[in-house]
Amino acid sequence: MNRKRTIVVTAAFLLLALTMGFAATGCGSGAQAKKVVRVGFLRNDLHQLAYYVAREKGFFAEQGLDIREGGTFSAGPEEMSAFSAGDLDVGYVGVAPAITFASQGMADVKVVAQANTNGSSILVRPGLDAQDVAGLRGFTVAIPGISTVQDYLLRTALLKAGVDPADVKEVVVKPPEMLPALSAAQVDAAVVWEPYPSMAAAQGAGRVLINSSRIWPNHPCCMVVADASFIQKNPDTVKRFVAAHVQATKYIQDNPAEAADMAHLFTGQDAAVAKSAMKNIKFSYTPDVKAIARYVDFMKQAGVVKDKNPSAFTKGLVDTEFLPGGGS
Amino acid sequence: MRKWKIISPLAALALWQVLASAGVLGRGTPSPVQVVKGLYTLIATGLPPGYHLQGHLIASLGRVFTGFAIAVVIAIPVGVLMGYANVFKAVMDPLVEIVRPVPPLAWLPLAVVWFGIGLGSAAFIIFLGAFFPVVLNTISGVKSVDPHLVEAARTLGARDRTILARVMVPGALPSIFTGLRIGMGIAWMTLIAAELVGVKNGYGLGYMIMAARDFARNDLLVAGIVVIGLVGFLVDWLIRLAERRLLRWR
Amino acid sequence: MEMNAGNGPALSLRGLSKTFTEQKTGNALEVLDGIDLDIEAGTLTCIVGPSGCGKTTLLRLIGGLEMPTRGEVLFEGAPVEGPGPERGMVFQEYALFPWRTVLKNVSFGLEIEGMPRDEARRKADGYLETVGLTGHYELYPRELSGGMKQRVAIARTLAVEPRILLMDEPFASLDAQTRNSMQEFLVDLWQRTGTTVVFVTHSVDEAVFLGQDIIGLSRRPAEVVSRFKNPLGYPRSRTDAGFIALRARILEYLTEEMSE
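Residues numbered from 1 in each chain as written. Chains lettered and ligands numbered in written order. Predicted model: local features only at pLDDT ≥ 70, side-chain atom pairs only at ≥ 80, totals over all residues.

A.B. asks: Sorry if this is basic, but what is going on with the pairing of strand E6 (residues 87-90) of chain C here?
C.D. replies: Across a regular strand the side chains alternate sides, sitting on one face of the sheet and then on the other. Residue and element names in this part refer to chain C. The two faces of E6 match: Arg-87 and Met-89 on one face and Gly-88 and Val-90 on the other face are all buried. Here 4 bridges tie E6 to strand E7 (residues 164-168), and the two strands are oriented parallel to one another. In the sheet register, Arg-87 faces E7, and the bridge partner there is Ile-164. (Buried ≥ 20, exposed ≤ 12 C-beta atoms within 10 Å, placed from the backbone. Helix = DSSP H or I, 4+ residues; strand = E, 2+ residues; numbered from the N terminus. Pairing = 2+ DSSP bridges.)

And the structure:
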């Protein structure tokens, strides 16, 4: 009785192990072995729509890429931590967190393409009377993370309006919590990426004080970054990824209505909100190196970037060789 | 015996510094020297700049004590009653057993909706974390009270209320203290995690280490972790001190 | 200490029976079967019987810690409905509150009555003196010897001024020497206070030393099988011929009971 049972159990175990082994190697899954790429992106961030489009329209697959989602993150610094740990190969992330981590030597990444410019807003809560950025003096503003694009947009806006950033209280609130916090008047204002500003308007949680395109026209926002060692080992893969990304970006530019419908699928927002949000975003794939350099300077002044030679740093950060035309 | 206790931490520290100096540690790991410098930065400059360690400390301690105090004030009486009256226990058991397995942090999104991102939601999460160990240990403590003591009290004229207050509570106190220590440990851990999500006034130890992460400053991150660990240890030590004083009779 | 003013016996047991139902098996355990007994006020009565015969159950019924299955317990003419300070109990395991000092253990009953703290303290002092324990007030029970603990327990019970003292083999856990001195102490105490005492023991020697009346119980289900009047005067000597004779008689009787 005991012996028989042992044999049956052992056989079952071996069978299981064998099956799992096959599954792991992906054996028999298809004719051509695709190149695996571990990708990260931000949760509910409409700037990164190109990723969803490329995935759903099969652009990645056409390029022979097997996309594994390495994680969804609630803000840039989280995603950069994953790069730091070697968990991601390519990611859609804000340019500011990428600069922060790269300059601290915490993550070795290169910007290989841009995802969007503009697309953020400063929101204020319903009861707040401020009519312009100067009216934020003395109030509390929520940002998705320290040293994020939104953080710098806020400071830029304040400085332009002649307000000392120290006169405004910045708190970090994750974007999903921002709208409830605004409605409940726990924060007075928030700086956040689409679709949240459009959602706020639709829900009456807050109104838009100013669009980021008016704070700094065509400011770079989300980028496609890749781990430097991954680029070194798999330049062809990176090229193909960028190609799919470019294709998706063009698709969004040419088919905004369909893109808005797709956005609705991935961000959980209804099509109307998605459409209105997309109006504020400019999807473009070529990074503006001068604008990025301006970011780096700004962050150097803030003490976040330590490099003695910021322009050299910027040059080293951006790698345009994979873009169509081989970089401009 | 005391001297021997210091050897392994010191050795680990020395090893850590040696490895760091040799450049063997990954880019995410600062050296002990960097951590000490980071500690100084946290106190003097503050992280984010202008928000000093002292402020973060007070905010976190305030939150954890509020949630913990509420938990204890409710959990001990509930636990005593549940341990003493089987009917009450039968009624309360399903509630306790259904809520208990849910990790406190899972409530966070809901807590934020109910109480906002300030003290309220943090205190609520901490309350959930501390409540169950205290209740369960109180029940076990009450059940472990020698029945002869209860009978003796009755023959001396004690009624139910007196029995609860003057026999059950003191008798269960050793177990209650165990519950307090466990509850506080969970409360502290839960607090830090809850603060990572965001705090309204910009102060909190969990919030501080998240800022360190955002700035990619791992030296400040580890320094912050050291502070969190030390404070957790200190708070536990205080509870043990109170325990020793109140349980002198053992 | 009040003494019952002679309106009938202090304690009256009529057809007292107790059956326990085992929780798990549902088996019925008949412990006492029809006990009829009267005890006069101010007397020191000893109840002896073989181990496990139900002497403790009997005492607990009188104390109100158990309820009769049949029959009744009348204390000063009224049925007993629960425990109370007028029927004080002293347990074999002392049952001192470990978290309270000696003084606070003794003053426990007084605190419950609502007595102000200073007065309670003074009274507790007095009772500790009565049992011969002065100067030990701030010690905790774990720091006391068995004999001392039992004295504290007795003082604690005396403090609520019971009209009958129920003692359940209180000296059984003590060494022989301490036990003897505690017996002498009890006789002395009883003579000084005049409280009715019902003392349960399985030691015939102890019963003969202490009791004016010695009641023998049969084995389970117990009933009263004998009542001996102890003619010896106090203080008693264990080497006295009358003592030895009485002890032998009772022992023989009980041994017969056991072998039936």
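That was the structure; now back to the text.
A.B. asks: What is the right way to look at the environment of Val-31 of chain C in this model?
C.D. replies: Residue and element names in this part refer to chain C. Along the polypeptide, Val-31 turns up in strand E2 (residues 28-39). Through-space distance from the C-alpha of Val-31 to that of Ser-17 is 7.5 Å; in sequence the pair is 14 residues apart. Those residues in contact with Val-31 that sit more than four places away from it in its chain are Lys-18, Thr-19, Phe-20, Gly-54, Thr-57, Arg-220, Pro-221 and Ala-222. (Contact = placed C-beta atoms within 7 Å.)

A.B. asks: Sorry, what's going on with the sheet that holds strand E5 (residues 78-79) of chain C here?
C.D. replies: One key point about sheets: their strands pair by backbone hydrogen bonds, in either a parallel or an antiparallel sense. Residue and element names in this part refer to chain C. The strand order E2-E1-E4-E5 describes an open sheet built from 4 strands, whose pairing is antiparallel. The outermost strands of the open sheet, each flanked by one partner alone, are E2 and E5. Pairing of strand E1 (residues 11-21) with E2, which is carried by 8 bridges, proceeds in the antiparallel orientation. Within E2, the position partnered with Ser-12 by the bridge is Asp-38.

A.B. asks: Got a minute to help me understand the interface of chain B and chain C in this structure?
C.D. replies: Often, the extent of an interface is quoted as the loss of accessible area on bringing the components together. The interface of chain B with chain C comprises 12 residues on the first partner and 20 residues on the second. When contributions to the side of chain B that touches chain C are tallied by element, the ones reaching two or more residues are helix H7 (147-155) and helix H8 (160-197) of chain B. In terms of residue count, H7 of chain B provides more of the side of chain B that touches chain C than any other element does, 6 residues in total. Its residues assigned to classes, the side of chain B that touches chain C comprises 6 nonpolar, 4 polar and 2 charged. (Nonpolar A, V, L, I, M, F, W, Y, C, P; charged D, E, K, R; others polar.)

A.B. asks: Got a minute to help me understand the interface of chain B and chain A in this structure?
C.D. replies: Contact residues are listed per partner, giving 22 residues for chain B and 23 residues for chain A. At the level of elements, helix H5 (108-115) and helix H9 (205-214) of chain B are the ones that each hand at least two residues to the side of chain B that touches chain A. Ranked by residues supplied to the side of chain B that touches chain A, first place goes to H9 of chain B with 5 residues. Partitioned by chemical class, the residues of the side of chain B that touches chain A number 11 nonpolar, 6 polar and 5 charged.

A.B. asks: Just to check I follow, could you spell out the environment of Val-167 of chain B for this structure?
C.D. replies: Residue and element names in this part refer to chain B. Structurally, Val-167 can be placed in helix H8. The sequence separation of Val-167 and Ala-85 amounts to 82 residues, and the corresponding C-alpha distance is 14 Å. Residues contacting Val-167, with those up to four places away along its chain left out, are Val-145, Leu-149, Val-150 and Ala-153.

A.B. asks: Would you mind going over the arrangement of the chains with me for this structure?
C.D. replies: Summarising the chain contacts, 2 pairs of chains touch, and the pair with the most contacts is chains A and B. Between chain A and chain C there is no contact; the minimum C-alpha to C-alpha separation amounts to 35 Å.

A.B. asks: Would you mind going over the domain arrangement of chain C with me for this structure?
C.D. replies: Residue and element names in this part refer to chain C. Split by domain assignment, chain C resolves into domain 1 (1-86 + 164-260) and domain 2 (93-161). Contact residues are listed per partner, giving 11 residues for domain 1 and 9 residues for domain 2. Counting residues per element, the side of domain 1 that touches domain 2 draws most heavily on helix H6 (residues 176-193), which supplies 4 residues. Considering only residue class, the side of domain 1 that touches domain 2 consists of 9 nonpolar, 2 polar and no charged. (Domains from an automatic or database assignment.)

A.B. asks: Looking at this model, I keep getting lost on helix H15 (residues 310-317) of chain A. Mind explaining?
C.D. replies: Every α-helix carries 3.6 residues per turn, so stepping three or four residues along brings you back to the same face. Residue and element names in this part refer to chain A. All of the buried residues in H15 are Pro-310, Thr-314 and Leu-317. Axial view of H15: buried residues confined to an arc of 65°, hence all on one face. Among the exposed residues of H15, those pointing more than 90 degrees away from its buried face are Ser-311 and Ala-312. Turning to H15, the residues buried within the fold contact helix H5 (95-103), strand E4 (109-114) and helix H14 (289-301). (Arc of directions from axis to C-beta.)

A.B. asks: Explain helix H4 (residues 117-130) of chain C here, please?
C.D. replies: Residue and element names in this part refer to chain C. An ideal rise of 1.5 Å per residue puts 20 Å on 14 residues; H4 measures up with 20 Å between its terminal C-alpha atoms. Of the positions making up H4, those classed as buried are Ala-120, Ala-124, Tyr-127 and Leu-128. Summarising the axial view, the buried residues of H4 lie within an arc of 100°, below the 170-degree limit, and thus occupy one face. Across from the buried face of H4, at angles greater than 90 degrees, the exposed residues are Asp-118, Glu-119 and Glu-129. On the buried face of H4, the contacting elements are helix H2 (102-106), helix H3 (108-113) and helix H5 (146-159). The first or second residue beyond H4 is Gly-132, which carries a positive phi of 80°. (Expected span 1.5 Å × (residues − 1).)

A.B. asks: I'm lost on the packing of H7 of chain B against H8 of chain B in this one. Help?
C.D. replies: Angle between the axes and distance between the axes: these two values describe a pair of packed helices. Residue and element names in this part refer to chain B. Put simply, H7 and H8 touch, their axes get as near as 11 Å, and they point 155° apart. For the element pair H7 / H8, the angle class is roughly antiparallel. Crossing geometry of H7 relative to H8 is assigned as right-handed. Taking contact as the criterion, the partners of Leu-149, Val-150 and Ala-153 in H7 are, on H8, Ile-163, Val-167 and Gly-171. (Axes fitted to C-alpha atoms, helices over the stretch in contact; angles between N-to-C directions. Parallel < 35°, antiparallel > 145°, perpendicular 65-115°, else oblique. Left-handed = near helix turned anticlockwise from the far one by under 90°.)

A.B. asks: Which parts of the structure should I look at to understand the packing of H8 of chain B against helix H10 (residues 218-246) of chain B?
C.D. replies: Residue and element names in this part refer to chain B. One way to put it is that H8 packs onto H10 with a least axis distance of 10 Å and a crossing angle of 165°. Comparing their axes, H10 and H8 come out roughly antiparallel. By crossing handedness, the relation of H8 to H10 is classed as right-handed. In this structure, H8 contributes Leu-173, Phe-177, Leu-180, Arg-181, Met-184, Gly-185, Trp-188 and Ile-192 to the contact, and H10 contributes Ile-228, Gly-232, Val-235, Asp-236, Ile-239, Glu-243 and Leu-246. A per-class count over the contact of H8 with H10 returns 10 nonpolar, 2 polar and 3 charged.

A.B. asks: I tried to follow the environment of Ala-189 of chain A on my own but got confused; where do I start?
C.D. replies: By the secondary structure assignment, Ala-189 of chain A is in strand E9 (residues 189-193). If we ignore the near neighbours within four places in the chain, the residues touching Ala-189 of chain A are Ile-122, Leu-123, Val-124, Arg-125, Leu-136, Phe-139, Val-141 and Leu-209 of chain A.

A.B. asks: Is there a simple way to think about the sheet that holds strand E8 (residues 196-200) of chain C in this case?
C.D. replies: Residue and element names in this part refer to chain C. With respect to topology, 6 strands assemble into an open sheet ordered E6-E7-E8-E3-E9-E10, the strand pairing being mixed. Taken across any chain shown, the strands that pair with only one partner, and hence form the sheet edges, are E6 and strand E10 (224-229). The mean inter-strand angle of the sheet, taken between neighbouring strand axes irrespective of direction, is 20°. In terms of strand pairing, strand E3 (residues 44-48) meets E8 through 4 bridges, oriented parallel. Within E8, the residue paired with Leu-44 across the bridge is Val-197.

A.B. asks: What is the right way to read the pairing of E10 of chain C from this model?
C.D. replies: Residue and element names in this part refer to chain C. Across 5 bridges, the pairing between strand E9 (residues 213-217) and E10 is antiparallel. Bridged to Ile-215 within E10 is Arg-227. Connecting E9 to the next strand, E10, in antiparallel fashion are 6 residues.

A.B. asks: For this particular structure, what's the right way to read unusual backbone geometry?
C.D. replies: Generally, phi is negative for residues other than glycine and the peptide bonds are trans, each holding for most cases. Here the bond from Leu-47 of chain B into Pro-48 of chain B is cis, since omega is -5°, no more than 30 degrees from zero. Assignment of secondary structure puts Pro-48 of chain B in the loop between helix H2 (32-44) and helix H3 (53-84). Cis rather than trans, the peptide bond between Tyr-234 of chain C and Pro-235 of chain C has omega equal to -5°. Position of Pro-235 of chain C among the secondary structure elements: in the loop between E10 and helix H8 (241-259). Residues other than glycine seldom take positive phi values, yet Ala-216 of chain B does so here, at roughly 55°. Notably, Glu-76 of chain C is not glycine yet its phi reads approximately 50°, a positive angle. Turning to its location among the elements, Glu-76 of chain C is positioned in the loop between strand E4 (70-75) and E5.

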